[in-house]
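The residues making up each chain are set out below.
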Amino acid sequence: DAGVTQSPTHLIKTRGQQVTLRCSPKSGHDTVSWYQQALGQGPQFIFQYYEEEERQRGNFPDRFSGHQFPNYSSELNVNALLLGDSALYLCASSSGRGDTDTQYFGPGTRLTVL
Amino acid sequence: AQSVTQLGSHVSVSEGALVLLRCNYSSSVPPYLFWYVQYPNQGLQLLLKYTSAATLVKGINGFEAEFKKSETSFHLTKPSAHMSDAAEYFCAVTPLGGYNKLIFGAGTRLAVHP
């Protein structure tokens with residue numbers, strides 16, 4: 001049983017560009033959450049998708065957007081990249097049944113903005 | 001808003017010594033609490049979680065944590081450190097009714113010396 005997978009592993013972009021990160025959830029999971037982890041910090045919640053809709057959102061600007069597909073996989077899009085967007089982006093999946101459902105994390109995508 | 005404070009960004013112990021990583025949360029209503037571990041260049045792995053059942057929670061790899069409402073704490077312990085325990089540890093909370101969105105602390109890096 002494959003766990004949460006993310007692609008690509010690493011990505012280098014320049015300021016102003018746009019980027020798309022991808023996530024496939026663990027088998028049987030229908031909820032995907034995205035987190036940004038800056039160097040030396042804890043992950044910060046970006047948003048969560050359930051039934052192809054954004055269910056809740058953290059304190060991130062509209063430059064950050066997402067999508068969930070019928071097979072529950074998800075994309076994170078970031079427009080107009082800033083240097084401060086350089087971080088490890090983590091995807092987590094869960095069953096979406098409640099507050100205590102364990103989130104299973106992927107290995108992350110390391111984004112570097114030059 | 002909910003927040004998590006992890007005292008000590010770096011903790012160093014000798015192999016075989018007690019591991020104590022501290023976590024305090026800010027909430028008048030006890031949230032759900034989690035400890036995650038992150039090994040270098042990897043995603044996060046759940047160690048244990050508190051969901052209002054037993055206050056002493058046992059997790060994987062010999063770790064356990066005790067929920068103390070009076071102290072708003074959820075400290076992580078392990079009786080005897082192993083070299084393989086060297087990693088970054090994150091305490092996190094999920095607010096009640098917040099689905100399973102995680103709010104993380106800044107993390108504590110554990111070093112284990114022979």
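What you are looking at is a predicted structure, and each value in this text was computed from that prediction instead of being measured.

1. Let's talk about the state of the cysteines
Then comes step 1: Scanning the entire structure with this criterion turns up two disulfides over all chains.
Then comes step 2: A:Cys23 shares a disulfide with A:Cys91; S-S distance 1.8 Å. Taking the torsion about the sulfur-sulfur bond, which here is approximately -55°, the covalent link between A:Cys23 and A:Cys91 counts as left-handed. A residue pair is termed long-range when its members are at least 10 positions apart, and A:Cys23 in strand S3 (residues 19-24) and A:Cys91 in strand S9 (residues 87-94) qualify at 68 residues.
Then comes step 3: For A:Cys91, a relative accessible area of 0% corresponds to the buried category.
Then comes step 4: Two residues, B:Cys23 and B:Cys91, share a disulfide whose sulfurs are 1.9 Å apart. Judged by the sign of its S-S torsion, about -60°, the cystine formed by B:Cys23 and B:Cys91 is left-handed. Separated by 68 residues along the polypeptide, B:Cys23 in the loop between strand S3 (19-21) and strand S4 (24-26) and B:Cys91 in strand S10 (residues 87-94) bring together distant segments of the chain.
Then comes step 5: On the basis of relative accessible area, B:Cys23 is assigned to the buried category, the value being 0%.

2. Let's talk about the sheet that holds strand S7 (residues 64-68) of chain A
Residues and elements named next belong to chain A.
Then comes step 1: What the four strands build is an open sheet, ordered S1-S3-S8-S7; its pairing is antiparallel. In this open sheet, the two edge strands, each paired with only one partner strand, are strand S1 (5-7) and S7. The average undirected angle you get between the axes of adjacent strands in this sheet is 20°.

3. Some words on unusual backbone geometry
All names here are of chain A.
Then comes step 1: Along the chain, Ser7 connects to Pro8 via a cis peptide bond; the corresponding omega equals -10°.
Then comes step 2: Checked against the element boundaries, Pro8 lands in the loop between S1 and strand S2 (10-13).
Then comes step 3: Even without being a glycine, Ala80 presents a positive backbone phi close to 45°.
Then comes step 4: With respect to the helices and strands, Ala80 occurs in the loop between strand S8 (74-78) and S9.

4. Description of the interface of chain A and chain B
Then comes step 1: Across the boundary between the two partners, chain A contributes 22 residues, which contact 23 residues of chain B.
Then comes step 2: Around 1800 Å² of area is buried between chain A and chain B when both sides are counted, 52% of it from carbon and sulfur atoms.
Then comes step 3: Across the contact surface, chain A and chain B share zero salt bridges.
Then comes step 4: For the side of chain A that touches chain B, the elements supplying multiple residues, two or more each, are strand S4 (31-37), strand S5 (44-50), strand S6 (53-57) and S9 of chain A.
Then comes step 5: Residue composition of the side of chain A that touches chain B, grouped by class: seven nonpolar, twelve polar and three charged.

5. What about the nonpolar core?
The tendency in soluble globular proteins is for nonpolar side chains to be buried side by side.
Then comes step 1: Of all hydrophobic cores here, the largest spans 28 residues; its most connected members are B:Trp35, B:Leu47, B:Leu48, B:Phe74, B:Leu76 and B:Tyr89.
Then comes step 2: At the level of elements, strand S2 (10-14), S3, strand S5 (32-38), strand S6 (44-50), strand S8 (64-68), strand S9 (73-78), S10 and strand S12 (108-113) of chain B are the ones that each hand at least two residues to this core.
Then comes step 3: Looking at this core element by element, the count peaks at four residues for S10(B).
Then comes step 4: Leave out the neighbours within four places in its chain, and B:Leu47 touches B:Trp35, B:Tyr36, B:Val37, B:Gly59, B:Ile60, B:Asn61, B:Phe63, B:Leu76 and B:Tyr89.
Then comes step 5: Core analysis: the second largest hydrophobic core is formed by 20 residues, A:Leu21, A:Cys23, A:Phe47 and A:Cys91 among them.

6. Remarks on the packing of aromatic side chains
Then comes step 1: Inspection of every chain in the model, using the stated rule, returns 14 aromatic pairs over all chains.
Then comes step 2: Ring geometry for B:Tyr50 against B:Phe67: centres 4.2 Å apart, planes inclined by 15°, an arrangement best described as stacked. On the criterion of sequence distance, the pair formed by B:Tyr50 in strand S6 and B:Phe67 in strand S8 is long-range, its members being 17 residues apart. For the residue pair B:Tyr50 and B:Phe67, the accessibility class agrees, reading buried in each case.
Then comes step 3: Members of the aromatic cluster, joined through ring pairs, are A:Tyr35, A:Phe45, A:Phe105, B:Phe34, B:Tyr36, B:Phe90 and B:Phe104.
Then comes step 4: Directly above the aromatic system of A:Tyr104 lies the positively charged group of A:Lys26, at a separation of 5.3 Å from the ring centroid.
Then comes step 5: Its guanidinium or amino end placed over the ring of A:Tyr50, A:Arg55 lies 4.4 Å from that ring's centre, counting from NZ or CZ.

Here is what the cut-offs are and how they apply
Residues numbered from 1 in each chain as written. Chains lettered and ligands numbered in written order. Predicted model: local features only at pLDDT ≥ 70, side-chain atom pairs only at ≥ 80, totals over all residues. Heavy atoms only, no water. Disulfide = S-S within 2.5 Å. Helix = DSSP H or I, 4+ residues; strand = E, 2+ residues; numbered from the N terminus. Buried < 20%, exposed > 50% of the residue type's maximum accessible area, 1.4 Å probe, protein only. Pairing = 2+ DSSP bridges. Axes fitted to C-alpha atoms, helices over the stretch in contact; angles between N-to-C directions. Contact = heavy atoms within 4.5 Å. Buried area = accessible area lost by both parts, 1.4 Å probe. Salt bridge = Lys/Arg side-chain N within 4 Å of Asp/Glu carboxyl O. Nonpolar A, V, L, I, M, F, W, Y, C, P; charged D, E, K, R; others polar. Core = buried A, V, L, I, M, F, W, Y, C linked by side-chain atoms within 4.5 Å. Phe/Tyr/Trp six-rings, centres within 6.5 Å; stacked < 30°, edge-to-face > 60°. Lys NZ or Arg CZ within 6 Å of the ring centre and 35° of its normal.

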